[in-house]
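# Inside the fold
Below are the chains, spelled out letter by letter.
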Amino acid sequence: MSAVASMRDSILRADTRLSKYHPLSRILFYDDFDEGVNGWCELVGNHAGNLDDIREIARDFRPPQLSSCTFFDIGTHGSIEGTYSLKLATRAVPNHAAIAIKRLTYMRRGLVQFETYFTFKAEQTFDRAALSGWDGNKAPSERQFGDFSFSNDICDGENGKRYMGLVRYLNTDVDGNLVQKWMHKTSVQPTTRMERQGVVPPNQDFHTVNPDDWEEIPGGNQPLCFNETASKVNWHYLKWIMDTSRRRMVELQCNDNVMDLSSIEVPVYDGHYHGLPNLLNFLLDVRTRTNVRNFLYLDSVLVSVDW
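So, here is what we can say about the structure in this document. Everything numeric in this text was worked out from a predicted model, so none of it was measured. (Residues numbered from 1 in each chain as written. Predicted model: local features only at pLDDT ≥ 70, side-chain atom pairs only at ≥ 80, totals over all residues. Heavy atoms only, no water.)

Take the overall build of the protein chain next. Secondary structure assignment for the protein chain yields two helices and 18 strands. For the protein chain, the C-alpha radius of gyration of 19 Å lies close to 19 Å, the compact-globule estimate for 307 residues. Across its three principal directions, the C-alpha atoms of the protein chain cover 55 × 55 × 40 Å. Taking all 307 residues of the protein chain together, 53% fall into the buried category. Restricting the contact set of the protein chain to residue pairs at least 6 apart, pairs at least 24 apart contribute 72%. For the protein chain, the accessible surface area stands at approximately 14000 Å², while carbon and sulfur atoms represent 48% of it. On the protein chain, the mean spot of the 33 positive side-chain charges and the mean spot of the 40 negative ones are 2 Å from each other. (Helix = DSSP H or I, 4+ residues; strand = E, 2+ residues; numbered from the N terminus. Rg over C-alpha atoms; globule rule 2.2 N^0.38 Å. Buried < 20%, exposed > 50% of the residue type's maximum accessible area, 1.4 Å probe, protein only. Contact = heavy atoms within 4.5 Å. Areas by Shrake-Rupley, 256 points an atom, 1.4 Å probe, with all protein chains shown as cover. Lys, Arg positive; Asp, Glu negative; His and termini not counted. Charge placed at Lys NZ, Arg CZ, Asp CG, Glu CD.)

This is how it looks when you write it as structure tokens:
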């Protein structure tokens with residue numbers, strides 16, 4: 001290891017906020033949500049000054065919030081370090097989603113690495129019939145949590161190719177059966193223009209042309225720690241690497257499970273997109289399958305690059 005690399009490693013290890021991450025050579029941004037929302041905002045569909053133009057599926061996404069992760073029985077969890085995390089919360093409506101986005105541009109193509117510590121929960125309910133089967137250990141509320149995703153939105157340049165990498169943790173299917181697998185999508189995300197042109201019908205999955213356009217990531221079967229009740233959270237580590245020079249995902253790691261994504265083709269839109277040169281957006285979302293609110297919490301986020 002060179003002297004410069006050794007010094008950099010020592011600096012990272014000495015910072016307790018950064019030492020839990022494994023950044024590439026340059027840190028693009030580090031978001032500690034004790035310091036605010038750091039540019040994460042609600043995703044709003046395209047419109048021409050009239051909110052009635054927004055796609056129906058995108059009209060009611062909920063914005064991110066700062067949360068101390070409070071529950072009725074234990075009070076406040078806080079975050080891993082400090083008090084606040086970034087929280088996405090759905091409505092208590094089946095198939096409702098909350099989506100947050102952070103909008104950037106890039107100066108060069110190459111590796112982009114997204115890291116975070118996250119946790120997820122279904123809201124505590126007090127309907128004993130809905131929670132039948134509780135034995136003091138397993139949590140029936142685990143089946144009330146739908147899915148969450150990490151994704152991006154990238155455009156190569158002026159009138160360039162646009163594509164969106166995405167990894168989804170599918171906890172349950174539409175019937176409430178536990179799936180607990182990491183998935184990738186096989187079609188592009190329908191745009192407002194595509195829907196207005198009649199290319200795709202309104203659907204029940206914001207990210208794909210058809211709700212079934214998903215495949216399991218090789219090695220993606222991974223039950224995550226839900227704990228015994230709906231008011232206990234445990235933080236998970238996630239690292240996701242994208243290579244924008246090849247329009248490919250590279251690797252996904254969640255805790256000790258490392259998944260090779262290099263053979264997965266990322267869907268690319270036909271044609272070219274004007275007005276999006278060097279686009280580099282990051283998105284988070286959570287979706288409920290039932291009439292129970294679902295939550296996704298992020299302690300912090302670190303994005304690094306090899307530029």
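Structure's up, so let's keep going.
Should the charged atoms of two oppositely charged side chains come close, the side chains can pair. In this structure the tally under the stated criterion is 17 salt bridges. For Arg17, the salt bridge goes to Asp32, with nearest N and O atoms at 3.5 Å. On the criterion of sequence distance, the pair formed by Arg17 in the loop between helix H1 (3-14) and strand E1 (26-32) and Asp32 in strand E1 is long-range, its members being 15 residues apart. Relative accessible area serves as the criterion here: at 9%, Asp32 is assigned to the buried category. Among the salt bridges present, the one from Glu35 reaches Arg17, with a minimum N-O distance of 3.2 Å. With Glu35 in the loop between E1 and strand E2 (41-42) and Arg17 in the loop between H1 and E1, this residue pair connects regions lying 18 residues apart in the sequence. For Glu35, a relative accessible area of 58% puts it in the exposed group. Sharing partners across several salt bridges, the network here consists of Asp147, Arg168, Asp205 and Arg287. (Salt bridge = Lys/Arg side-chain N within 4 Å of Asp/Glu carboxyl O.)

Moving on, we come to the pairing of strand E17 (residues 279-287). The buried fraction of E17 amounts to nine of the nine residues, a majority that puts the element mostly inside the structure. Of the two faces of E17, both are covered, the one formed by Leu279, Asn281, Leu283, Asp285 and Arg287 as well as the one formed by Leu280, Phe282, Leu284 and Val286. Both strand E7 (residues 97-105) and E17 contribute to a ladder of nine bridges, which runs antiparallel. If you follow Thr105 over to E17, its bridge partner there is Leu279. Inspection of the sheet shows strand E9 (residues 147-155) paired to E17 by eight bridges, in the antiparallel sense. (Pairing = 2+ DSSP bridges.)

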